[in-house]
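Listed below, chain by chain, are the residues.
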Amino acid sequence: MRIRVVPLAAIAVAASAPAWAQTAPASDVVDTIVVTGSRIARPELERLQPTVVVSSDDIENRGAPNVIEVLNDIPAFGPPASSSAGTQPSAFGVAQSFADFFSLGSQRTLTLVNGRRFVSSNTASIFGPADAGQQVDLNAIPTQLIDRVEVIAVGGAPVYGSDAIAGTVNIILKRDYEGADVDASFGQSARGDADNYRLRALAGTNFADGRGNVTMSAEYARSEGLMYMDRSRTARGLYYTTPEDPDSPYVNELIEQRRVDVVTAGGLPLIDDSLAQFAGILDATGNTLQFGPGGALVPYNFGTGTGNLVNKSGGDGFNVTAVSTLLAPTERANFTALGSFQITDRVRAFGEAWYSTTSGKKFADQPVYNSLLFGPGGSPEGNLIVSTDNPFLSAESRALIRDNLLAAGADPSFFYLARANSDLQSGLARSESNVYRVVAGLEGAFDIGELSFQWEIAGNYGNSETTSREPMVVQQNFENAMDAVIDAATGQIVCRGTLNGTLESAPIRTRSDSCAPLNLFGIGSPSQAARDYITTLAMQASTVTQRVVTADISGEIVDLPGGAVQAVVGVENRRETSRFDPDRFFREAWGRLVPIDGLSGEFETDEAFTELLIPIVGEHQNIPFVNALQVEGAARYVDHSVAGGDLTWTAGARFAPIPDIQFRGNKTLAIRSPAITEAFVPTSSAFDTADDPCDSRFIDAGPNPATRAANCAAAGITQPFQSNIVDASAQVSVSGNPDLLNEEADSRTWGVVLRPRWVPSLSLAVDWIEIDLTNAIVALNAVGVMNACYDSEAGIGATALCDNIDRDASGQVTFVRTGYANAGSKRFKAITAQLNYGVGLGRFGRLDTSLNFYNLRNLTTRVGLGDLDRQAGEVGTSRDQGSLTLNYSVKDLSLSLQTQYMGPARWDVDEQIDTRNFAEIGEWWLFNLSAGYRLNENIMTRVFVDNVFDREAPFPVPAAGGTVAYYDGIFGRSYAMSVNYTF
C-alpha cells in the first residue's frame with residue numbers, strides 16, 4: 001500500500017538528498033534560477049531561509065503516489081488535518097489532502113505551483129474536513145509532471161502574501177519537456193487488501209524550431225479502503241475511561257473492546273426515560289434485556305464495568321470501533337497541459353490548463369442515536385417512546401414489557417427505547433472534487449543602458465467544486481413510519497397515517513414516497529421499504545474561485561564592489577470567492593441535525609511588493625575571513641477588503657568567513673488574512689463533545705487547578721461530577737466574524753552551513769526556527785469557551801465567556817455559544833539539521849547517505865487568557881524525529897533503505913502524572929526498502945516494501961489518538977511494483 005502519512009523523515013534518494021539548506025556539493029558551474037521564497041534569480045544554493053528540496057527522482061525512487069506522501073515523509077510536517085487515512089473528520093470533503101507544516105495548522109501553510117497560487121478545495125463551512133482556510137488539495141497535482149518540490153520555512157509571506165505563516169510549499173513542474181513516458185504501478189498490503197493502482201503518461205514536444213513546447217500529463221489512480229476492524233490494533237477498541245475502582249491511582253485507565261453500553265444496535269427497552277442500568281426491562285431472573293436479531297428479547301451483557309456510565313469493556317453495547325473508517329477509498333484523475341512559445345528573442349508566452357477530479361468514500365461513521373444522553377424522551381435524539389401495542393412486538397415481548405411497567409408503577413401503554421440506528425443511517429458518505437485552472441502570461445527581458453531587467457505578467461484563474469452526498473434519516477418520515485398499526489381489513493402492518501388518511505410526509509425527496517412501517521426491534525429488522533421512505537440522499541456543494549493577476553520587474557540596478565545589487569518590484573490583485581450550498585434537508589433541518597445554513601462571501605486584495613539583495617562582499621574580492629557577505633530583504637503591503645491593510649516583511653543576511661562555512665539568519669513578519677468561512681459563516685448550530693473542566697476527570701487540570709475548582713463550585717457544581725458532554729455531544733452554535741484582523745507571526749531563523757572543501761561530498765546544515773503567532777483566528781469551540789471561563793482568575797461572574805455556557809439544574813451542559821475571534825496565540829521553536837555524504841566506490845558503484853533530524857523545542861497554543869496548551873512531545877508532535885537514508889547504485893541497479901524515527905511522546909504533556917495508567921508511548925522505528933533495475937534504455941522496473949519488518953504502532957495507539965501519525969504501524973507491511981517505459 002502506497003500511503004505515507006507518518007511525518008517522520010526525508011525522502012529516499014538515488015544520488016542526492018533533500019536538505020534543510022544548501023547542502024549539495026559545490027560545482028564549478030553555477031546556474032541562476034528563481035528559488036522559492038524570492039523572485040530574484042540566484043544560484044540555487046544561495047538561500048537565506050531553511051529549505052528542503054525534493055527532486056522528481058526522489059519522488060520516483062520513493063514510489064510516492066501523491067504529493068502529500070512526499071511532504072509527510074519530511075519530519076517538520078505534522079499529521080495532516082485531512083487525508084485518506086483515519087476516520088475522516090467530515091463528509092464534506094472525504095480524503096482531501098492538506099499539508100500541515102510545523103503542526104501550526106494546515107491553513108498556515110501556503111501551497112504554490114510554479115510560484116503561483118492554486119485554488120483551494122477546502123469546504124467553506126464549519127463542517128469542512130479541516131480548519132477554515134485556503135488549503136490546496138494535493139490530490140490535484142500529477143506527480144509525473146513534478147520537477148521538484150521546494151519547502152521554505154517562514155519568509156514566504158513578503159514574496160507571496162497571506163498564509164505563509166509556517167512556510168511555503170512550491171511545486172515546480174517540468175519545463176520544455178521532450179519525449180514520452182508511461183508507467184503503471186500496483187500495490188497491496190501484506191494482508192492481501194487495500195489494493196491500489198496507478199497509470200500515468202507524460203508527453204512533450206518542441207515545435208517551431210524549438211521556439212515552442214507543449215507538454216501534456218495524464219494520471220489515474222485508485223485505492224481501496226479499510227475499516228478499523230480490518231487491522232488487529234484498531235480492532236482492539238482501546239480507550240481510556242474512568243476506572244471502576246474508586247481507589248485507583250489513575251483518573252483514567254485503559255480498556256479494550258470499548259462498548260457504549262447505553263445503546264445497542266438492536267435496541268434497549270426501558271421502563272422510564274433513563275438508562276438501561278437503572279430502568280431496563282428485566283426477565284424473571286433479573287437479567288436486563290435487549291432486542292436481539294429477529295426482534296426477540298434476549299439477555300443483555302453490560303460488559304466489564306468501569307467508573308463511567310457510558311463506556312464498558314466488552315459486552316453487547318454499541319461498538320463504535322466497528323463503524324470507524326481506517327482508510328477511505330479514493331479515485332482520482334488529473335489532466336494537465338503546459339505550453340510556451342518564444343514570440344521574440346526577448347518575449348515568451350506561457351500557459352497552463354488543469355483539470356482534476358477526485359472522489360473519496362467514507363465507509364461508515366457513528367449512526368444517529370436515541371438515548372437520554374442526547375435529549376429527553378420523545379425528542380428526535382432522546383429515547384424513543386414506543387406503544388406497547390406496536391404490532392412488530394411479539395406477544396411474549398409485549399407481555400414481558402407490560403409486566404415490568406406495571407411492577408414499576410408506570411403507564412403500561414408505552415415504553416422507552418434506546419437505540420444506535422446503524423441499520424438506518426450508517427455514516428456512509430461520498431464526496432467528489434473537480435478542479436479547473438488556467439494560467440496565461442508573458443515574460444521577457446529588456447535593457448536600459450548596461451542594466452538588464454526581466455519582467456513577467458501573469459493571470460491565474462481556478463475553480464474548485466466539491467459535492468458530497470450521504471444517506472440521511474428524515475425525522476418526520478421516521479416518526480410516521482414508527483407509528484405502525486394493523487390494518488383490520490387486510491391484517492397487514494401499515495403506517496397509521498396511511499390508514500386514517502392523516503399522513504403528512506416531509507416536503508423533501510426520499511427514496512420512496514410511500515410510507516412503510518418501521519420495525520426497530522433488533523438489528524436489521526427495518527425493511528428496505530421502510531428505510532427507503534425515511535432516507536434521503538442529502539447533498540451539499542462547495543464552490544471556490546480564485547483570480548490572481550501579478551506583474552513584476554526584476555534586475556540589477558547598481559554595481560557594488562561585492563557584486564550587483566538586485567531588486568524586484570511588483571503588484572498583485574487577487575479575488576477569491578466561496579459559496580457553500582447545502583440542500584433543503586440541511587438548511588431546514590429535516591433530519592436530526594440543527595439547520596446548516598449556506599454561505600456566500602468574497603474578498604479582494606491589492607498588493608504591492610519589493611525585494612532587494614545587496615552583496616556587501618563577494619568571493620572575488622578575496623578579503624581574508626570575509627569570503628562573502630550579503631543582506632537582503634523583502635516587503636509587501638496587502639490591502640485586504642475584509643481585514644484592512646497590513647505590511648509584511650523579511651530581512652536577513654548570509655555571512656561566510658571562509659568558503660567552507662556560512663552563517664545565515666533572518667527575521668520575518670508574516671500574516672494570514674481571515675478565510676471567507678471565518679468572516680462570513682452565518683450563525684449555525686452543531687453538536688460537539690468537550691472535556692468539561694468541571695468534570696472530576698479534569699477538575700485538577702488547567703493552569704491553576706485551585707482556580708478551576710473554585711469557579712466550578714461557584715457555578716453550583718459539586719464533586720464528584722461526571723459531565724455528559726465529555727462522552728456525548730451537546731448543542732453548540734458557531735458564528736462568523738467580519739471584524740476579524742489579520743493573524744501576525746514574528747519569525748526568526750538562524751543557521752550554519754558547513755561544506756568542507758577537503759570532503760567535497762560532505763555537507764551539514766543546522767538551523768534554529770522560531771515563530772510567535774499572535775491574533776490567531778480561532779473557532780472558540782466548547783472546550784475553549786469553558787476553559788476560558790472556569791480557568792479565569794477573575795471568577796465566573798466577571799468573565800463574559802461564562803455567559804456562553806448553559807447548564808441544567810444538575811450541572812449538565814446543554815448549550816455552548818462559540819464563534820471565530822482573534823483570540824489565539826501560538827509559539828513554535830525547533831532545530832532542523834541535515835547531514836549529507838556521498839562516496840564513489842569505483843566499479844562497485846556509489847553510496848549516498850542522508851541523515852535528517854528535527855527537534856521540536858516548543859509548540860504551545862493559548863486561547864485568550866486560558867490554559868497554555870503545550871503540544872511539543874505529544875503524540876503526532878514528538879520532540880525528536882528523523883531519518884537515515886542509504887542509497888546505493890551500481891550500473892543498472894539501485895537500492896534505497898529509509899529508516900524513520902519518531903521519539904517517545906505523551907498523550908497530553910499538560911496532564912498530571914496520575915491522569916492515565918499509560919501516559920506515554922515509546923519511540924518508534926520504521927524501515928522502508930525500494931529497489932530499481934533498468935532492463936534496457938527504455939524500461940525501468942521498481943519494487944517497494946514499506947514497513948519491512950511489519951513494525952506495529954507503539955502501544956496503546958490509537959487509544960486517545962495517533963491513528964494518522966502512526967498509520968504505517970497500524971496498516972502493516974505493504975508491497976508495490978511499478979514499470980516505466982520511456983520512448
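Note that the structure is predicted; figures quoted are calculated from it, not measured. (Residues numbered from 1 in each chain as written. Predicted model: local features only at pLDDT ≥ 70, side-chain atom pairs only at ≥ 80, totals over all residues. Heavy atoms only, no water.)

K.L.:
Would you mind showing me how to read the state of the cysteines here?
P.N.:
Covalent bonding between the sulfur atoms of two cysteines is what defines a disulfide. For the coordinates displayed, the defined rule picks out three disulfides. Disulfide pairing places C495 opposite C515 at an S-S distance of 2.1 Å. Here the disulfide of C495 and C515 is left-handed, its torsion about the S-S bond being about -90°. Here the residue C495 occupies a position in strand β28 (residues 493-495), and C515 occupies one in the loop between α8 (496-500) and α9 (528-534), the gap between them amounting to 20 residues. Put simply, C789 and C802 are joined by a disulfide, and their sulfur atoms are 2.0 Å apart. In this structure, the disulfide formed by C789 and C802 twists by about 105° around the S-S bond and is classed as right-handed. Of the two residues, C789 sits in helix α13 (residues 782-790) while C802 sits in the loop between α13 and β39 (805-807), which places them 13 residues apart along the sequence. As far as burial versus exposure is concerned, C789 and C802 are alike and both buried. (Disulfide = S-S within 2.5 Å. Helix = DSSP H or I, 4+ residues; strand = E, 2+ residues; numbered from the N terminus. Buried < 20%, exposed > 50% of the residue type's maximum accessible area, 1.4 Å probe, protein only.)

K.L.:
Please explain unusual backbone geometry as it appears in this structure.
P.N.:
For residues besides glycine, phi is generally negative; the peptide bonds are generally trans as well. With omega at 0°, the peptide bond leading from Q719 into P720 counts as cis. Within the element layout of this structure, P720 appears in the loop between α12 (705-714) and β36 (730-734). Cis rather than trans, the peptide bond between V957 and P958 has omega equal to 10°. Topologically, P958 is positioned in the loop between β49 (939-946) and α14 (967-971). Of note in this structure, A95 is not a glycine but carries a positive phi near 70°. With respect to the helices and strands, the residue A95 is situated in the loop between α2 (67-72) and β4 (109-113). A relative accessible area of 2% places A95 in the buried class. In this structure, F625 takes a positive phi of about 60° despite not being glycine.

K.L.:
Would you take a moment to explain the pattern of salt bridges for this structure?
P.N.:
Pairs can form between side chains of opposite charge once their charged atoms are near each other. Using the criterion set out here, one finds 51 salt bridges in the structure. One salt bridge connects R575 with E602, and the closest N-O pair in it is separated by 2.8 Å. With R575 in strand β30 (residues 563-582) and E602 in strand β31 (residues 599-617), this residue pair connects regions lying 27 residues apart in the sequence. Two residues, D581 and R579, come together in a salt bridge whose shortest N-O distance is 2.9 Å. The class of R579 is partly exposed, set by a relative accessible area of 43%. (Salt bridge = Lys/Arg side-chain N within 4 Å of Asp/Glu carboxyl O.)

K.L.:
Is there a simple way to think about the sheet that holds β36 in this case?
P.N.:
Here four strands make up an open sheet; going across it, the order is β35-β36-β40-β39 and the pairing mixed. Where the open sheet ends on each side, the last strands, each with one partner, are β35 (684-688) and β39. Neighbouring strand axes in the sheet, compared pairwise and without regard to direction, differ in orientation by 20° on average. Pairing of β35 with β36 involves five bridges; the strand directions are antiparallel. Within the sheet, the bridge partner assigned to A686 lies in β36 and is V732. (Pairing = 2+ DSSP bridges. Axes fitted to C-alpha atoms, helices over the stretch in contact; angles between N-to-C directions.)

K.L.:
Please explain the packing of aromatic side chains as it appears in this structure.
P.N.:
Remark: the centre distance and the inter-plane angle together describe each pair of aromatic rings, the angle taken between the planes. Applying the stated criterion to the full structure yields 26 aromatic pairs. With 6.5 Å between their ring centres and 80° between their planes, F92 and F127 make a pair best called edge-to-face. Taken together, the residues F92 in the loop between α2 and β4 and F127 in the loop between β5 (116-117) and β6 (146-153) connect sequence positions 35 residues apart. Residue classification places F92 among the buried residues on the basis of a relative accessible area of 4%. (Phe/Tyr/Trp six-rings, centres within 6.5 Å; stacked < 30°, edge-to-face > 60°.)

K.L.:
Would you mind going over the sheet that holds β5 with me for this structure?
P.N.:
By definition, the strands of a sheet pair up through backbone hydrogen bonds, in either a parallel or an antiparallel sense. Strands sit in the order β3-β6-β7-β4-β5 across an open sheet of five strands; the sheet is mixed. For this open sheet the edge positions go to β3 (51-55) and β5, each flanked by a neighbour on one side alone. The pairing of β6 with strand β7 (residues 167-173) spans seven bridges and is antiparallel. Residue V151 lies in a different strand from β7, and its bridge partner there is V169.

K.L.:
How do you make sense of the domain arrangement of the protein chain when you look at a structure like this?
P.N.:
Interface size, as often reported, equals the accessible area lost upon joining of the parts. Its domain assignment divides the protein chain into domain 1 (232-324 + 364-428 + 471-539) and domain 2 (873-982). A C-alpha centroid distance of 42 Å is found between domain 1 and domain 2. Of the roughly 1,300 Å² buried between domain 1 and domain 2 on both sides combined, carbon and sulfur atoms contribute 56%. At the junction of domain 1 with domain 2, the criterion picks out one salt bridge. Here R233 makes a salt bridge to E952, at a shortest N to O gap of 3.4 Å. Counting across the domain 1 and domain 2 interface gives ten residue pairs in polar contact (both at pLDDT 80 or more). (Domains from an automatic or database assignment. Buried area = accessible area lost by both parts, 1.4 Å probe. Polar contact = N/O pair within 3.5 Å; in protein donor to acceptor, adjacent residues only side chain to side chain.)

K.L.:
Could you clarify how one ought to interpret the side chain of T535 in this entry?
P.N.:
Tracing the backbone through its elements, the reader meets T535 in strand β29 (residues 535-560). A residue is classified by how much of its surface remains accessible, and T535, at 2% relative accessible area, is buried. A polar side-chain atom of T535 sits 2.6 Å from the main-chain carbonyl oxygen of R531. Non-local contacts of T535, meaning those with residues more than four positions away in its chain, are made with L424, P471, M472, T510 and R511. (Contact = heavy atoms within 4.5 Å.)

K.L.:
Would you take a moment to explain the environment of S106 for this structure?
P.N.:
By the secondary structure assignment, S106 is in the loop between α2 and β4. A relative accessible area of 3% places S106 in the buried class. What S106 contacts, discounting residues up to four positions off in sequence, is A81, F98, A99, D100, A130 and Q135. Within polar-contact distance, the side chain of S106 engages the side chain of Q135 at 3.0 Å.

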